[in-house]
Amino acid sequence: MGTPFRRQVRKAMLALAALSLVAWLLPSFFSAERYRRRLEAGLERALLRAVTFGAVSFRLLPRPGFSIDNAVVREDPAFGSEPFARVERIECDLRWRSLWRSRLDFARLRLERPSLNVVRNARGEWNIESLLLKSGIALPARSAAGSASAVGELSLEADDGRIDFKVGADKKPFAVTDLRARLSFDPAQGAIRYRLAGSPVRTDRSLPSPGILELAGEWIPGHDLGGPLDAVLRTRGALLYNWVPLVSGRNPDVYGVFDAEVQLAGSLRIIKMEGQTRLTQLHRWQLLPPSDPMPITIRFRGEFDRTRGRVLLDSVDASFADSRVHLTGAIEKIPASPELDLVLALERARLEDLLALGRRFWGGRPTWGLSGRADGLLTVQGPWNQRRYGGFVGARGLRLDTPAGAF
């Protein structure tokens, strides 16, 4: 009994090995050029853009599909003439039923070293949003008239990618490099699940990236892309020295290391934000690092209304040592001409904490000390480049220690 069974197992394994060898060698005897038109049509259905590419080859393992080199995805003319994407290589995994049908359906697209342009045109429309609306991904499969089911089942992966940003024909000096992305579409719920990680950079400066930025979550766009959003944005070990010039274009020579995590909710048009940041080793770049890391914890809550260009800060609380600073207010007319209406408040802050924080920027050997409690209010109003300040400050239990004595 044992010998015949082992003999049959051996035959089955040999047959499996032979089939695997045939499946590996067979595609090399066939030209994939006969599928070029069907591949172009399938990719255009999935991406809703005209697609051209170079060499193409067929494979059977680990699942049937095609390998495409030097693909170019054209842009919708409403967003310019520069291609929407360039991809060095696309691995297209077919659904098994495509082998017996004239139409090619893709289960997965894996993009190697893609370069994408995210564009906002003069009407305030984004090419990514336009693609989602026209594709039918925004709708559940039962009401998508066929297009959503085809595209909604698509799994999209990208490695070593890059995203550039444009407003009209002007390319902005911001980009995301070393992009890794995983997106999947649930056709039953019309949901998009995503996980992205990349390094933001500023192309007009030689500074390195401040660190990896990660975004993960789920979005149910709905028919108008106004459906619920649930995401987490985080960074770890990011450098303030590189983040400040990335955002502002100016380098204040301030060093610090921070971790941040932001919960995003609401919709794509009104994004509600709540999160926490922990900042350590804050000091002026030219000075020696302080022996005390003096962690600063910042908790914040607010929302960003994209249609109105407004950021509403419900609360921003920064605490360090035994002191707190509170910020609230709004910033209007973003990004064209930001106008500020902010209030910064101190409540029984320790003067020695404020002095220790200031010495991280002034430097020098301290010869005097200050203690007591301070209350204050500072208002910042008006256009960003013509800010107006006002407010008051008061102190109690004030004590000044100098070499000459205490006052």
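Placed above this text is the structure.
### Quick look at a nonpolar patch on the surface
Phase 1 of the analysis: A cluster of nonpolar side chains, contributed by L344, L378 and Y389, occupies part of the molecular surface with about 270 Å² of accessible area.
Phase 2 of the analysis: As for its position among the elements, L378 is in strand β17 (residues 369-383).

### Re the packing of aromatic side chains
Phase 1 of the analysis: Enumeration over the complete set of coordinates arrives at two aromatic pairs.
Phase 2 of the analysis: Their ring planes at 25° and their centres at 4.1 Å tell us that Y241 and W285 sit as a pair that is stacked. Separated by 44 residues along the polypeptide, Y241 in helix α5 (residues 240-248) and W285 in the loop between β12 (270-284) and β13 (296-305) bring together distant segments of the chain.
Phase 3 of the analysis: Under the relative-accessibility criterion, Y241 is labelled buried at 16%.
Phase 4 of the analysis: Look at Y255 and W285: their rings are 5.6 Å apart centre to centre, the planes differ by 50°, and that puts the pair in the tilted class. One end of the pair, Y255, is in strand β11 (residues 254-266); the other, W285, is in the loop between β12 and β13, with 30 residues separating them in the sequence.
Phase 5 of the analysis: By relative accessible area, W285 is classed as partly exposed at 42%.
Phase 6 of the analysis: Here a set of aromatic residues connected by ring pairs shows up, and it is made of Y241, Y255 and W285.
Phase 7 of the analysis: Positioned above the aromatic ring of W384, the side-chain terminus of R387 is 4.9 Å from the ring centre.

### Section: the pairing of strand β18 (residues 388-402)
Phase 1 of the analysis: Bridge analysis of β17 against β18 gives 12 bridges, and the strand direction is antiparallel. Looking at β18, one finds that G369 is bridged to D401.
Phase 2 of the analysis: The turn joining β17 and β18, which pair antiparallel and follow one another in sequence, is formed by four residues.
Phase 3 of the analysis: Connecting β18 to the next strand, strand β19 (residues 405-406), in antiparallel fashion are two residues.

About the cut-offs
Residues numbered from 1 in each chain as written. Predicted model: local features only at pLDDT ≥ 70, side-chain atom pairs only at ≥ 80, totals over all residues. Heavy atoms only, no water. Patch = residues over 30% accessible without salt bridge, like charges linked within 9 Å, V, L, I, M, F, W, Y side chains within 5 Å. Areas by Shrake-Rupley, 256 points an atom, 1.4 Å probe, with all protein chains shown as cover. Salt bridge = Lys/Arg side-chain N within 4 Å of Asp/Glu carboxyl O. Helix = DSSP H or I, 4+ residues; strand = E, 2+ residues; numbered from the N terminus. Phe/Tyr/Trp six-rings, centres within 6.5 Å; stacked < 30°, edge-to-face > 60°. Buried < 20%, exposed > 50% of the residue type's maximum accessible area, 1.4 Å probe, protein only. Lys NZ or Arg CZ within 6 Å of the ring centre and 35° of its normal. Pairing = 2+ DSSP bridges.

Purely geometric numbers; function is a separate question.
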